[in-house]
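# Secondary and tertiary structure notes
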Amino acid sequence: MTTSPDFAERISERRRQPPPSTPDGYLHELPALILLDRLPTPMLATGLDGVLIYANPAFATMLGYSGTTTLTEQPLPALLAGYSATPPRDCVTALRAAGAVVIDWLHAEGFPVRTVVSNALLVRATDPILLISITDITELMWTTPPEPR
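Residues numbered from 1 in each chain as written. Predicted model: local features only at pLDDT ≥ 70, side-chain atom pairs only at ≥ 80, totals over all residues. Heavy atoms only, no water.

Time to look at the overall build of the chain. Along the chain, the regular secondary structure elements total six helices and five strands. The order of helices and strands in the chain, counted from the N terminus, is α-α-α-β-β-α-α-β-β-β-α. Along the longest, intermediate and shortest principal axes, the C-alpha atoms of the chain span 60 × 35 × 30 Å. Burial statistics for the chain: of 149 residues in total, 32% are counted as buried. Partitioning the intrachain contacts of the chain with sequence separation of at least 6 by distance along the chain shows that 39% fall at a separation of at least 24. Taken as a whole, the chain presents about 9,700 Å² of accessible surface, with 59% of it coming from carbon and sulfur. (Helix = DSSP H or I, 4+ residues; strand = E, 2+ residues; numbered from the N terminus. Buried < 20%, exposed > 50% of the residue type's maximum accessible area, 1.4 Å probe, protein only. Contact = heavy atoms within 4.5 Å. Areas by Shrake-Rupley, 256 points an atom, 1.4 Å probe, with all protein chains shown as cover.)

With that settled, consider the nonpolar core. With 23 residues, the main nonpolar core has Leu52, Phe59, Leu76, Leu95 and Trp105 as its most contacted residues. Those elements that place two or more of their residues in this core are strand 2 (52–55), helix 4 (57–62), helix 5 (88–97), strand 3 (101–106), strand 4 (112–117) and strand 5 (129–136). When near neighbours in sequence (up to four residues on either side) are disregarded, Phe59 contacts Pro42, Met43, Leu44, Leu52, Leu71, Trp105 and Ile134. Counting residues in hydrophobic clusters, the runner-up holds five residues, among them Leu36, Met43, Ala45 and Leu131. (Core = buried A, V, L, I, M, F, W, Y, C linked by side-chain atoms within 4.5 Å.)

Before going further, it helps to examine the packing of aromatic side chains. Evaluated as defined, the whole model comprises one aromatic pair. Judged by centre distance (5.4 Å) and plane angle (85 degrees), the ring pair of Phe59 and Trp105 falls under edge-to-face. In this pair, Phe59 is assigned in helix 4 and Trp105 in strand 3, connecting sequence segments 46 residues apart. For the pair Phe59 and Trp105, a shared accessibility class is recorded, and that class is buried. (Phe/Tyr/Trp six-rings, centres within 6.5 Å; stacked < 30°, edge-to-face > 60°.)

Mapped onto the elements of the fold, Asp136 is located in strand 5. The class of Asp136 is partly exposed, set by a relative accessible area of 38%. Between the C-alpha atom of Asp136 and that of Gly82, which follows or precedes it by 54 residues, the distance is 17 Å. A distance of 2.8 Å separates polar atoms of two side chains, one belonging to Asp136 and the other to Thr138. (Polar contact = N/O pair within 3.5 Å; in protein donor to acceptor, adjacent residues only side chain to side chain.)

With burial as the criterion, only one face of strand 4 is covered, namely that bearing Val113, Thr115 and Val117; the residues Pro112, Arg114 and Val116 on the opposite face remain uncovered. When strand 3 meets strand 4, the two strands line up antiparallel, connected through six bridges. Looking at strand 4, one finds that Asp104 is bridged to Arg114. The turn joining strand 3 and strand 4, which pair antiparallel and follow one another in sequence, is formed by five residues; a positive phi near 100 degrees is taken by Gly110. Examined bridge by bridge, strand 4 and strand 5 share three bridges and lie antiparallel to one another. (Pairing = 2+ DSSP bridges.)

And the structure:
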(Lines give C-alpha, C1' and ligand atoms only; values in the text may rest on other atoms or scores of the structure.)
Protein backbone atom coordinates (compact mmCIF):
# COMPACT_ATOMS: atom_id res chain seq x y z
CA MET A 1 0.00 0.00 0.00
CA THR A 2 1.26 3.45 -0.80
CA THR A 3 1.15 6.05 1.91
CA SER A 4 -0.53 9.35 1.10
CA PRO A 5 1.18 12.60 2.13
CA ASP A 6 -1.83 13.36 4.35
CA PHE A 7 -1.43 10.01 6.14
CA ALA A 8 2.31 10.59 6.62
CA GLU A 9 1.57 14.05 8.03
CA ARG A 10 -0.95 12.60 10.52
CA ILE A 11 1.59 10.00 11.66
CA SER A 12 4.22 12.70 12.10
CA GLU A 13 1.77 14.83 14.11
CA ARG A 14 0.85 11.84 16.28
CA ARG A 15 4.53 11.22 17.05
CA ARG A 16 4.94 14.81 18.27
CA GLN A 17 2.16 14.36 20.84
CA PRO A 18 2.97 12.94 24.29
CA PRO A 19 2.21 9.23 24.61
CA PRO A 20 -1.08 8.27 26.28
CA SER A 21 -0.80 8.00 30.05
CA THR A 22 -3.06 4.95 30.47
CA PRO A 23 -3.32 1.55 28.76
CA ASP A 24 -6.87 2.44 27.72
CA GLY A 25 -5.58 5.68 26.18
CA TYR A 26 -2.89 3.77 24.31
CA LEU A 27 -5.47 1.38 22.87
CA HIS A 28 -7.72 4.26 21.75
CA GLU A 29 -4.79 5.93 19.97
CA LEU A 30 -3.54 2.79 18.17
CA PRO A 31 -4.14 3.15 14.41
CA ALA A 32 -6.23 0.34 12.94
CA LEU A 33 -3.75 -0.58 10.18
CA ILE A 34 -0.90 -0.96 12.65
CA LEU A 35 -3.07 -3.23 14.77
CA LEU A 36 -4.14 -5.31 11.75
CA ASP A 37 -0.52 -5.63 10.58
CA ARG A 38 0.53 -6.96 13.99
CA LEU A 39 -2.17 -9.63 14.23
CA PRO A 40 -0.94 -13.20 13.75
CA THR A 41 -4.28 -14.02 12.11
CA PRO A 42 -4.51 -13.57 8.33
CA MET A 43 -6.70 -10.55 7.54
CA LEU A 44 -7.80 -9.00 4.28
CA ALA A 45 -9.96 -6.14 3.10
CA THR A 46 -11.43 -5.77 -0.32
CA GLY A 47 -13.42 -3.04 -1.97
CA LEU A 48 -16.93 -3.89 -3.07
CA ASP A 49 -15.51 -4.08 -6.60
CA GLY A 50 -13.62 -7.24 -5.60
CA VAL A 51 -10.11 -5.77 -5.65
CA LEU A 52 -7.89 -6.39 -2.64
CA ILE A 53 -7.11 -3.13 -0.83
CA TYR A 54 -5.37 -4.58 2.23
CA ALA A 55 -3.68 -7.82 3.27
CA ASN A 56 -1.72 -8.19 6.48
CA PRO A 57 1.66 -9.97 6.62
CA ALA A 58 0.05 -13.13 8.06
CA PHE A 59 -2.19 -13.39 4.97
CA ALA A 60 0.79 -12.89 2.64
CA THR A 61 2.75 -15.59 4.48
CA MET A 62 -0.18 -18.00 4.37
CA LEU A 63 -0.28 -17.68 0.57
CA GLY A 64 3.50 -17.84 0.14
CA TYR A 65 4.15 -14.20 -0.75
CA SER A 66 7.16 -12.38 0.66
CA GLY A 67 5.21 -9.17 1.22
CA THR A 68 1.77 -7.64 0.98
CA THR A 69 2.41 -5.26 -1.92
CA THR A 70 2.10 -8.01 -4.54
CA LEU A 71 -1.33 -8.91 -3.16
CA THR A 72 -2.92 -5.47 -2.97
CA GLU A 73 -4.78 -4.44 -6.10
CA GLN A 74 -5.24 -8.11 -7.07
CA PRO A 75 -8.79 -9.08 -8.07
CA LEU A 76 -10.26 -11.74 -5.79
CA PRO A 77 -10.73 -14.32 -8.62
CA ALA A 78 -6.92 -14.40 -8.99
CA LEU A 79 -6.57 -15.48 -5.35
CA LEU A 80 -9.58 -17.73 -4.79
CA ALA A 81 -9.28 -21.35 -6.00
CA GLY A 82 -12.11 -22.24 -8.34
CA TYR A 83 -13.26 -18.65 -8.88
CA SER A 84 -11.12 -17.63 -11.89
CA ALA A 85 -14.18 -17.12 -14.13
CA THR A 86 -16.24 -15.40 -11.41
CA PRO A 87 -16.69 -11.63 -11.60
CA PRO A 88 -14.80 -9.92 -8.74
CA ARG A 89 -17.99 -8.38 -7.28
CA ASP A 90 -19.53 -11.85 -7.06
CA CYS A 91 -16.48 -13.03 -5.11
CA VAL A 92 -17.16 -10.29 -2.54
CA THR A 93 -20.75 -11.51 -2.28
CA ALA A 94 -19.55 -15.11 -1.83
CA LEU A 95 -17.05 -14.13 0.89
CA ARG A 96 -19.61 -11.96 2.69
CA ALA A 97 -22.00 -14.91 2.78
CA ALA A 98 -19.29 -17.44 3.63
CA GLY A 99 -18.86 -16.83 7.36
CA ALA A 100 -17.52 -20.03 8.95
CA VAL A 101 -17.46 -21.79 5.57
CA VAL A 102 -14.43 -23.49 3.99
CA ILE A 103 -12.83 -21.44 1.21
CA ASP A 104 -9.75 -22.43 -0.80
CA TRP A 105 -7.18 -19.77 -1.73
CA LEU A 106 -4.38 -20.12 -4.29
CA HIS A 107 -0.88 -20.31 -2.86
CA ALA A 108 1.86 -18.49 -4.82
CA GLU A 109 3.15 -21.93 -5.89
CA GLY A 110 -0.27 -22.93 -7.27
CA PHE A 111 -1.63 -25.33 -4.66
CA PRO A 112 -4.84 -24.67 -2.70
CA VAL A 113 -4.77 -23.38 0.87
CA ARG A 114 -7.88 -24.54 2.70
CA THR A 115 -9.29 -21.97 5.11
CA VAL A 116 -12.30 -20.98 7.15
CA VAL A 117 -13.41 -17.39 6.57
CA SER A 118 -14.93 -15.28 9.34
CA ASN A 119 -18.16 -13.39 9.10
CA ALA A 120 -17.69 -9.87 7.77
CA LEU A 121 -16.08 -7.82 10.54
CA LEU A 122 -17.71 -4.61 9.31
CA VAL A 123 -21.43 -5.27 9.28
CA ARG A 124 -23.19 -2.07 8.22
CA ALA A 125 -24.78 -2.23 4.79
CA THR A 126 -23.08 1.07 3.96
CA ASP A 127 -19.53 -0.12 4.74
CA PRO A 128 -17.48 0.39 1.55
CA ILE A 129 -15.17 -2.57 2.23
CA LEU A 130 -15.31 -6.20 3.27
CA LEU A 131 -12.91 -7.00 6.13
CA ILE A 132 -12.49 -10.67 7.10
CA SER A 133 -10.18 -12.85 9.13
CA ILE A 134 -9.04 -16.22 7.86
CA THR A 135 -8.07 -19.43 9.62
CA ASP A 136 -5.78 -21.79 7.71
CA ILE A 137 -7.00 -25.36 8.17
CA THR A 138 -4.77 -26.97 5.52
CA GLU A 139 -2.44 -28.49 8.11
CA LEU A 140 -5.40 -29.90 10.04
CA MET A 141 -6.33 -31.96 7.00
CA TRP A 142 -2.92 -33.69 7.15
CA THR A 143 -2.52 -34.02 10.91
CA THR A 144 -6.04 -34.88 12.07
CA PRO A 145 -6.98 -38.54 11.66
CA PRO A 146 -10.23 -39.11 9.78
CA GLU A 147 -13.33 -39.75 11.85
CA PRO A 148 -14.49 -43.39 11.84
CA ARG A 149 -17.47 -44.04 9.63
